[in-house]
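# Close look at the chain arrangement
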Amino acid sequence: MTIYQKIKLAAASQIAVLIDPDKASVQHLKQVAKYCNNGIVDFIFVGGSIVSVSVDEVVQNIKQLTNIPVVLFPGSPLQISYKADAMLFMSLISGRNPELLIGHHVLVAKLLKKSDLEVVSTGYILIGGNKISATEYISNTRAIPPNKVDVIVSTAIAGELLGLKLIYLEAGSGANSYIDAQTITEVKNNLTIPLIVGGGIKNRTDFLSVKSANPNLIVIGTAIEQNPDFLSEIF
Ligand code: 1GP
């Protein structure tokens, strides 16, 4: 089964832990791997806005600790590792920065085409309130305001119609608020492709709220960075 099929076919929301390569000490990875190996975590995502270590090495370290799929969630083309199982090939469709809509993709297209990496085209939609997230700043784009549900839904539909295979609703890493269940449901009801949701999940209540909308995959980063046992607390 491909990674894409695994994301698409699960009946209930699956969980991905986002590993920021700069914060991926072996000790932290070991703590996270414990939850990967007992079936609580379905995927490990690897990526960040700014990275100062080798993503390749981080992926290799993860691979030594667990067999669950490692999916690249690259903040830039510098974060590609052919040791990963798949890569989200993200187009930042909430923004109007051509480099992040198609430019960076052109630079690495030939390399990806001849690699064995499973490449999953993903419409990345950044939703944000008053606080400017690192993603918003670095990408030089504006997030869609959370109350503009019609714009969020229309953007997701446009992504599907353009042929993208996944939609990722992103509140931003460490965001004050996660994406509300009603918005997720509205988007989900308008899509036939799988939906990933992440950003700002800080406690069990936040997690259960996102889960109630049943997206295909829920991504958690910061809360697990701060406390790997968060994973045992949310169920
Ligand atoms: C960020 O969606 C992910 O890209 C996870 O966000 O770090 O807030 O969990 P958090």
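Quick look at the structure, then. (Residues numbered from 1 in each chain as written. Predicted model: local features only at pLDDT ≥ 70, side-chain atom pairs only at ≥ 80, totals over all residues. Heavy atoms only, no water.)

Looking now at the overall build of the chain. From N to C terminus, the chain includes ten helices and eight strands. Taking 18 Å as the expected radius of gyration for a compact globule of 235 residues, we find that the chain reaches 16 Å, a close match to that expectation. Each principal axis of the C-alpha distribution contributes one length, and for the chain these read about 45 × 45 × 35 Å. Split into buried and exposed, the 235 residues of the chain put 54% on the buried side. Residue pairs in contact within the chain that sit at least 24 positions apart in sequence constitute 70% of those at least 6 positions apart. When the accessible surface of the chain is totalled, it reaches about 11200 Å², and 53% of it is carbon and sulfur. For the chain, the distance from the average site of its 19 positive side-chain charges to the average site of its 19 negative ones is 3 Å. (Helix = DSSP H or I, 4+ residues; strand = E, 2+ residues; numbered from the N terminus. Rg over C-alpha atoms; globule rule 2.2 N^0.38 Å. Buried < 20%, exposed > 50% of the residue type's maximum accessible area, 1.4 Å probe, protein only. Contact = heavy atoms within 4.5 Å. Areas by Shrake-Rupley, 256 points an atom, 1.4 Å probe, with all protein chains shown as cover. Lys, Arg positive; Asp, Glu negative; His and termini not counted. Charge placed at Lys NZ, Arg CZ, Asp CG, Glu CD.)

What follows deals with the packing of aromatic side chains. A ring pair, where both rings are aromatic, is described by two values, the distance of the centres and the angle of the planes. Counted according to the given criterion, the structure contains five aromatic pairs. Within the aromatic cluster, the residues linked to one another by ring pairs are Phe 45, Phe 73, Tyr 124 and Tyr 168. It is Lys 6 that lies over the ring of Phe 43; its NZ or CZ is 5.0 Å from the centre. (Phe/Tyr/Trp six-rings, centres within 6.5 Å; stacked < 30°, edge-to-face > 60°. Lys NZ or Arg CZ within 6 Å of the ring centre and 35° of its normal.)

Among the 13 residues in the neighbourhood of the ligand, the closest are listed as Glu 170, Ser 173, Gly 174, Gly 221 and Thr 222. At 2.8 Å from an oxygen atom of the ligand is found a main-chain nitrogen or oxygen belonging to Gly 221. Within the side chain of Thr 222, an N or O atom sits 2.5 Å from an oxygen atom of the ligand. Bound to the protein, the ligand loses 97% of the 310 Å² it would expose on its own. (Near = heavy atom within 4 Å. Polar contact = N/O pair within 3.5 Å; in protein donor to acceptor, adjacent residues only side chain to side chain.)

Let's shift gears to the packing of helix 6 (residues 149-161) against helix 7 (residues 181-189). The interhelical angle for the contact between helix 6 and helix 7, taken along N-to-C directions, is 35°, at an axis separation of 9 Å. Crossing handedness for the pair helix 6 and helix 7: right-handed. In this structure, helix 6 uses Val 149, Ile 152, Val 153 and Ala 156 to contact helix 7, whose residues at the interface are Thr 183, Glu 186 and Val 187. (Axes fitted to C-alpha atoms, helices over the stretch in contact; angles between N-to-C directions. Left-handed = near helix turned anticlockwise from the far one by under 90°.)

Turning our attention to helix 6. For helix 6, spanning 13 residues, the distance from its first C-alpha to its last is 18 Å, which sits close to the expected 18 Å at 1.5 Å a residue. Those residues of helix 6 lying buried are Ile 152, Val 153, Thr 155, Ala 156, Gly 159 and Glu 160. Here the buried residues of helix 6 occupy an arc of 160° about the axis, which is enough to place them on one side. Of the residues in helix 6, the exposed ones pointing more than 90 degrees away from the buried face are Asp 150 and Leu 161. On its buried side, helix 6 packs onto strand 5 (118-126), strand 6 (166-170) and helix 7. (Expected span 1.5 Å × (residues − 1). Arc of directions from axis to C-beta.)

Turning our attention to the sheet that holds strand 8 (residues 217-220). Overall, parallel pairing links the eight strands, which are arranged 1-2-3-4-5-6-7-8 in a closed barrel. The sheet shows a mean angle of 30° between the axes of neighbouring strands, direction not considered. Across four bridges, the pairing between strand 1 (residues 14-19) and strand 8 is parallel. Following the sheet pairing, Ala 16 is matched in strand 8 by Val 219. (Pairing = 2+ DSSP bridges.)

This next bit is on helix 7. Among the residues of helix 7, those classed as buried are Ala 181, Thr 183, Ile 184 and Val 187. Seen end-on, helix 7 carries its buried residues on one side only, within an arc spanning 160°. Exposed positions of helix 7 whose direction lies more than 90 degrees from the buried face are Gln 182 and Asn 189. Check the buried side of helix 7 and you find it contacts helix 6, strand 6, strand 7 (195-198) and helix 8 (204-212).

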